[in-house]
Structures are given as structure tokens and as C-alpha cells.
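Residue-level listing of the chains:
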Amino acid sequence: MVEEGWDYTNVDEWKKEFPQSCAGSKQSPINIILNNTKLAYTTGLEWKNYDFTPAEMRLTNNGHTIQLQAKWYYYDAYVTSGPLGLNDYIFEQLHFHWGQKDNEGSEHTINGKRCELEIHMVHWKRDYGSIENAVNYSDGLVVIASFYTVLLNRKSQVLENILDAISSVQNVNGTTKIEPFPLSDFKVADNYDDFISYSGSLTTPKCNEVVTWIILLTPFSISKKQIAKFRSIKLNHGSKYNYRSTQPLNDRKIRVYLQFDPKWKNFDTPFLKYKGNKYVFQQLHFHWGRNDQVGSEHTVNKKRYSLEMHMVHWNKNYGSLNEAINHKDGLIVVASFYQVSNVKSVAVQDILDAAEKVEEEGSSWQIENFLLSDFEVVNDKTSWISYNGSLTTPQCLEVVTWLLSLDPYDVTENQIRKIRSLKLSHNDDHDNRPTQPLNGRKITLYTVLFF
Ligand SMILES: [Zn+2]
Ligand SMILES: [Zn+2]
């Protein structure tokens, strides 16, 4: 895939030399502005066979970077699921981008800031048979990128495997076999933090616009000694760095993926991951009103929905819900809306069936064999917004990160009528906010699913 006649000393000339693509409108890298992103949920990427030690590994200085290739005889390592859906993307090679000073080197920037090193793991879509063929299709490649920072001056163990062989690839065209190690040592697969994704291009000529970028937001550590070794590597025409300048986003969307634990199940403690923290599921409840036009607490473009569900989670770092509510990153409430249609919500029906057994306010009933993941919102990958707010109770503690799913789900007229008929107290101060009298009834049904 290496095109001749370019290097990093003429990076702004690429648009002229390779006008068919390097001058395109979906180029990479980009500056990632985190406020400017859309939230999406995913079950996370699945990394297959990354923990198998390859039969052979080869490190090469191709004049633009040092590149690591791995060969397995009986397997291929591939990534699937999450934003990739059912498609498999097979590992081809990984390589690095660096610079000469701290705060430079990475190709992508986050809110304008660069890390010292960026690793690219290049994958091609299995359906296309080979990487050479895959680069002709807009969904041909997935590049998984992560960052290394010298901030903590902490050594990366996995990079030692590569840096031990650095003398053999110090010069252009240097190549060597290295002792094989599993790619899972890069720990990218264990990283359950948020990642972002967008559609872009190769960051080297011919800059093909065929890449789904997946970028882990939390950097790994590298020591000053280690980054110095990268900086000593000789590249074509004496280039001292190998990162391309950031390109305009144009009309592309950046999505932030929040990784849910895919293994939510009954009697386990379900949780979601958000900004590197675990939030333990505590309870879910509903808000509704007198008729179809009222009920939801939040409005979307001034529209109120018939029903709003809140799933309350607390930050595991604080040990308990009671302690978490004292901290501004203490709670996450996932909110979703329901509108009346002729499509029944299976998950809401499970709750309603159980609610019939909750005769008095304050009593509870354990629901058997109910999966939280039956709720539509848990599987939603569409429009999300996030804001920091308060609980909608009188204490108004400003400890809640709200995650709102914008597109409503369906309940039937019958289901909503059943909810409205639930016998609940009208004098519960805890659930009435006097400042918003138009909301109709704001009494909540607390249905404890997990103990
Ligand atoms: Zn790269
Ligand atoms: Zn609520």
C-alpha cells in the first residue's frame, strides 16, 4: 500500500500529488472536539483470537513508519460487533506515528491536544477477500487507534517487545523477525472506556476514503526513554516526524460510543461504563400523566411524550448510592420516552404484569427471568444526548449526568391506560415538583428488579 514519491517533509503537497483522494472531503486525521459529538450505545467491540500468539511476527521500517505484521497459521485475528455490526475486520498490520517533542506525534488530536505517540491497528473487511481489494470500498477498512502519553513517564511493557528490536529497523528498509507475542498484550481489547468513531481516510497517500476510524479516548503510558527510541528512527528523506496535519471535519459526524457490559443478566449486578467509571444499576421507574400529551419530564423540541423511563445508576467508585449522591459525578440516569401507538412494548408489559402484584405503595415484587436488556433503550444505537443536571426531586442535588435517548419507543393505548390506573398516592411530596404543574401526575412506580 506504500505509494512512492512522498514523505512528511512535503505533507501539504499531497493534495496536489494525489488529487484523486488526498484532496477529498472526508480526510483523516481530524481534531476531535468532544462537545461536538453524538452519543451512541454499543455492546462493545469483540476481539477474536487476539490472545493467540502468532506463529511469526516481523517488524519493518518502510520509510514512513515502523510496521509490525503478524501471521497465524490456523486463525486470523479479527474484530467485530459494536459499531461494526455483524461484519468481521481482519487484522493486517499495526504501525506508529510520532514527532520530535512532547505534545506532538499523534495524528488525531482531542480538543486540539496531541499525544506523543499514536498506534494504528489496520483491519480489512473479510467480505472483500484481501486488503488490496478492500481499499476500493468505502467500508473496506477499520483502523483502531489509541494514544500513548509521556505525562506519567511510565514504561509500556508491550512496546518493549518492539523497542528491543529497534536497532534492526533504525534505517529505512530495515526488517527483522521478532519473538511473537499476542496482540492482546497491547491491552486495547481490555479498554472498556469510551471510544469515538467517524468515517475518514488513510492518513498516507493515496489517502483512500475507505476507513472507519475507531479511536480509544484514554491514552496508555510510555516512558521518556521509550519515546526517545521512536524519535531516533530514520525515515525517508530525513523526515523527523510522521504525522499528517488535521483535516476539516466538513459535514461528518463523530459518535461517542459508551460501552455497556454485554453480559447483563438477572441477579448479576448490571452496570454501564461512562467516562472510565463503572455505574451500577440501582432501579428503574416511570413518569406519566393524565393523557397522551403529558407525562414525560423532559421535552424534545417542546414535545412531551406519554411516558418516560428513568434507569438510575450510581458511580461504583463511591461504594454506595448514598455516598454517590454527594459527588457531582455520582449518578447517571438513562432516560427514554414512549409514545402511544399500536405496537406493544414487551419490556413494559413485563413490568406491568409484575406491578399488578404491587398492591400497596412501598411494596415490591421480584420479577423472575427478566432481562434489563429487554428494554429497547439498552440496545439503541441511534440518537443520544447528554447533559449534567439534577435529580427531579426537591433536593435537586446536582449529581446527575443525564443520558437521553431522543427517539421514542412504542407502548399501546392499553398499556398506558393500565399504567394510569395504578393506585398510587397523590400526596407524595418526594415526587411532585411544584414548579412544573403542567406535567400532570408525576408519581413514580419504583420497581426494584435487582437486589
Ligand atoms: Zn497510520
Ligand atoms: Zn425519575
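First, a word on scope: everything that follows refers to the structure included in this document. (Residues numbered from 1 in each chain as written. Chains lettered and ligands numbered in written order. Predicted model: local features only at pLDDT ≥ 70, side-chain atom pairs only at ≥ 80, totals over all residues. Heavy atoms only, no water.)

### Some thoughts on a nonpolar patch on the surface
- On the surface, a cluster of nonpolar side chains totalling about 530 Å² of accessible area is made up of Phe52, Tyr73, Tyr74 and Tyr75.
- Residue Tyr74 is classed as exposed on the basis of its relative accessible area, which comes to 74%. (Patch = residues over 30% accessible without salt bridge, like charges linked within 9 Å, V, L, I, M, F, W, Y side chains within 5 Å. Areas by Shrake-Rupley, 256 points an atom, 1.4 Å probe, with all protein chains shown as cover. Salt bridge = Lys/Arg side-chain N within 4 Å of Asp/Glu carboxyl O. Buried < 20%, exposed > 50% of the residue type's maximum accessible area, 1.4 Å probe, protein only.)

### Observations concerning the coordination of the zinc ion (ligand 1)
- Surrounding the zinc ion (ligand 1) are the protein donor atoms His95 (NE2), His97 (NE2) and His120 (ND1), at 2.0 to 2.1 Å.
- Look at where the donors of the zinc ion (ligand 1) fall in the sequence and you get H-x1-H-x22-H. Separated by 23 residues along the polypeptide, His97 in strand S7 (residues 89-98) and His120 in strand S9 (residues 117-125) bring together distant segments of the chain.
- With relative accessibility at 2%, the residue His97 sits in the buried group.
- In this structure His120 comes out as buried when scored by relative accessible area, which is 2%. (Donors = N, O, S within 2.8 Å, 3.2 Å for Na, K, Ca; no water. Helix = DSSP H or I, 4+ residues; strand = E, 2+ residues; numbered from the N terminus.)

### With respect to the coordination of the zinc ion (ligand 2)
- Protein coordination at the zinc ion (ligand 2) comes from His285 (NE2), His287 (NE2) and His310 (ND1), with a distance range of 2.0 to 2.1 Å.
- Read in sequence order, the donor residues for the zinc ion (ligand 2) give the motif H-x1-H-x22-H. Pair noted here: His287 is in strand S17 (residues 277-288) and His310 is in strand S18 (residues 307-315), with a separation of 23 residues, a long-range link.

### Some thoughts on the packing of aromatic side chains
- Scanning all chains against the criterion turns up 15 aromatic pairs.
- Look at Trp98 and Phe230: their rings are 5.6 Å apart centre to centre, the planes differ by 50°, and that puts the pair in the tilted class. Here the residue Trp98 occupies a position in strand S7, and Phe230 occupies one in helix H4 (residues 224-231), the gap between them amounting to 132 residues. Phe230 shares its class with Trp98; the two are buried.
- A connected cluster of aromatic rings, assembled from ring pairs, spans Trp6, Tyr8 and Trp14. (Phe/Tyr/Trp six-rings, centres within 6.5 Å; stacked < 30°, edge-to-face > 60°.)

### What about the pattern of salt bridges?
- All chains considered together, the criterion is met by seven salt bridges.
- When the shortest N-O distance is used, the salt bridge between Lys16 and Glu13 registers 3.8 Å.
- Where Glu46 meets Lys48, a salt bridge forms, and the shortest distance between an N and an O atom there is 3.0 Å.
- Here Glu46 falls in the partly exposed class, since its relative accessible area comes to 36%.
- Three or more residues joined by partner-sharing salt bridges are found here, namely Asp76, Asp88 and Arg126.

### Comments concerning the state of the cysteines
- Applying the stated rule across the entire model yields one disulfide.
- A sulfur-sulfur distance of 2.0 Å marks the disulfide that ties Cys22 to Cys207. A torsion of 80° about the S-S bond marks the disulfide between Cys22 and Cys207 as right-handed. Of this pair, Cys22 sits in the loop between helix H1 (14-17) and strand S1 (31-32) while Cys207 is found in the loop between strand S12 (195-200) and strand S13 (211-216), placing the two residues 185 residues apart along the sequence.
- A relative accessible area of 0% places Cys207 in the buried class. (Disulfide = S-S within 2.5 Å.)

It is worth stressing that arrangement in space is one thing and function is another; only the former is reported here.
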